[in-house]
Amino acid sequence: TAVQWVLTAQYLGRSVRSDWSGAVSGVYALPTRASWTWLYPGVFGTPMGGDWTGVTSVFYETCGGWVGPLALGLAAFGLARSRRWAAVAALAAAGVLLAFGPRGPLSRGLLGFSIFSYLRTPSRWLLLTVWAAILAAGAGLSVLRGRRWPRGGKPAAALAALLPLAAWDARFLRPQDPAPYLKANVEVSELLAGRAQRVLTDPALANPNKTVFYRMMNVNGYEAFYPRGVPAWAASAEGAPAADASRAFVSDWRSRSARRAGVRARLSPLGLEQGEGWPLAAFVDAGGRRVTPDPCLWIERPSRWRVTGGVPRAAAGLALLAPAYPGWRARLGRAAAAILPWDGTFQAVPLPARRPDGATLDLTLEFRPTGWSWLAMLTAAAWASWLATLARRVGEAF
C-alpha cells in the first residue's frame, strides 16, 4: 500500500488539518467504556433503536470492535496456545492505544507526530485490534484442526461464527429503491456537465459534493480533508469567515474572488443561475488583471490540461485555475515551464517577456503524483513477494 500511505501523508500535510492542534481528533477517539462493546456492540444502545444517547456518527466510529462470540473465544484460545501470542497481543494493544487518540498514553508520543495528529478519527485504529482478533482466532482454529471433529462439526462452527454477526448486521441493512437518488436533473446536466467552469452549491443544500472538494470544481462542499488555502479563499469570496474544519459555506457567487476562480453558476434549492466568471485558463498582466482574448482550453482529463491560442501583447502570464499542488508540471511547447502560486489558491505560468508579435501559445499542464514511479514499483514488488510466498506455501501443502 505504499502508493497510498506516502501520498496520503503528503496530502494531510497540505490540508486544513495541518493547521490545528489535533484536539478535534478527540471527538472520534475511542472512549474507555467502549471496550464493553467488544463483548456486545449494542450494550449502550443503537441510534436506530433510539436508546443511543451520543452523537450518531460516534456510534458507528467507536463501536466496531466486535468479532462475534465464537471468534472471540477462539482468539482467547489461540493467544493461550500460539507461539506467536506476543506479536498478536502487541498488534491488538497498538490498535487500542492508538484508537484512544488524545485520551490515550500515546497522545504525547506517536500521536504528537504531525501526520498522526492530523487524522480526525483515531477510533479507526481499532481495526488493527479487529485484525489481531481474527489472527488469534485463526491460530486457535489451527490448534483445533488437528483434532477429530464430529460429523457436521465444521459447518456448524462456521454457522455459529456467522449467525451472531448476521443477526446484528441485519438490523442496519434494508432494501431501498436507489432511483430517487440516481435520477438525473436534465437542466443541470445540460448546463453544467463537461464544462470548463466552476459551480457554487448553495450552503442551504445539505452536504453537497462530498468527494471531490480538493479539486474545487464545486467551491462549496463537505470533505474531511481539503486544501489548506481554501478557508482563506472562501473568506475573500464571502467577505467573512466561510469555512470550518470540514466544509466551506460561500454564498456570494458573484464576488470578485469567486469570478476570478471561474465560478459561473450557482445551484440552490430554487434552481440554477448562471453568471460571468473567468475561464479556467486566462491571460493576466503583471498586476494580475485579466487580458483578453482568452486562450482555448481543453481538459482532456482531470490530470491533463492543454491551452492554445494567440498571446495578447499585455499578457505577462497564464492563470491556470487548478488548485496548486505538488505534482503539476507545465510545458510550453517542448520546454519545461515554471509554475508559480496565483491568487492564493491556484497557479500560473509566467510567459517570456521577449516574444514576437503574434506569438502563439501551446501549453500542456499535467499532474503526476510525487514519486509515483518509485511508489508503484515498491507496491508491485511487495505484491510479487506476497504472491510468491503464497504460491510456495500452497506448493508445500500439496
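Refer to the structure above for everything that follows.
Before going further, it helps to spend a moment on helix α1 (residues 2-13). The end-to-end C-alpha separation of α1 is 17 Å, in line with the 16 Å expected for 12 residues at 1.5 Å each. Residues A2, L7, Y11 and L12 constitute the buried set of α1.

The subject of this paragraph is the nonpolar core. By size, the foremost hydrophobic cluster in this structure holds 49 residues, and its most contacted members are W233, F283, L320, W342, L361 and L363. For this core, the secondary structure elements donating two or more residues are α1, α10 (230-238), β6 (281-284), β9 (304-310), β10 (317-320), β11 (328-332), β14 (346-350) and β15 (360-367). Residue contacts for W342: discarding those within four places in its chain leaves R260, W278, V284, G288, A319, L321, Q347 and A348. Counting eight residues, the second largest nonpolar core, distinct from the first, contains L30, L98, W125 and L126.

Our next topic: the sheet that holds β10. Here five strands make up an open sheet; going across it, the order is β7-β6-β10-β14-β13 and the pairing antiparallel. Lying at the two open borders of the sheet, with one neighbouring strand each, are β7 (290-291) and β13 (340-342). With two bridges joining them, β6 and β7 adopt antiparallel strand pairing. Looking at the pairing, V284 lines up with R290 of β7.

Together, W383, W386, L387, L390, V394 and F398 give the surface a local cluster of nonpolar side chains, amounting to about 740 Å² of exposed area. Along the chain, W383 falls in helix α12 (residues 372-397).

Attention now goes to the pattern of salt bridges. For the structure on display, the rule yields 11 salt bridges. Residue R260 pairs with D343 through a salt bridge whose shortest N-O separation is 3.4 Å. In this pair, R260 is assigned in helix α11 (residues 256-260) and D343 in the loop between β13 and β14, connecting sequence segments 83 residues apart. Where R289 meets D285, a salt bridge forms, and the shortest distance between an N and an O atom there is 3.1 Å. A relative accessible area of 16% means that D285 is categorised as buried. What emerges from the salt-bridge pattern is a single network uniting E300, R301, R304 and E366.

The rules behind these values
Residues numbered from 1 in each chain as written. Predicted model: local features only at pLDDT ≥ 70, side-chain atom pairs only at ≥ 80, totals over all residues. Heavy atoms only, no water. Helix = DSSP H or I, 4+ residues; strand = E, 2+ residues; numbered from the N terminus. Expected span 1.5 Å × (residues − 1). Buried < 20%, exposed > 50% of the residue type's maximum accessible area, 1.4 Å probe, protein only. Core = buried A, V, L, I, M, F, W, Y, C linked by side-chain atoms within 4.5 Å. Contact = heavy atoms within 4.5 Å. Pairing = 2+ DSSP bridges. Patch = residues over 30% accessible without salt bridge, like charges linked within 9 Å, V, L, I, M, F, W, Y side chains within 5 Å. Areas by Shrake-Rupley, 256 points an atom, 1.4 Å probe, with all protein chains shown as cover. Salt bridge = Lys/Arg side-chain N within 4 Å of Asp/Glu carboxyl O.

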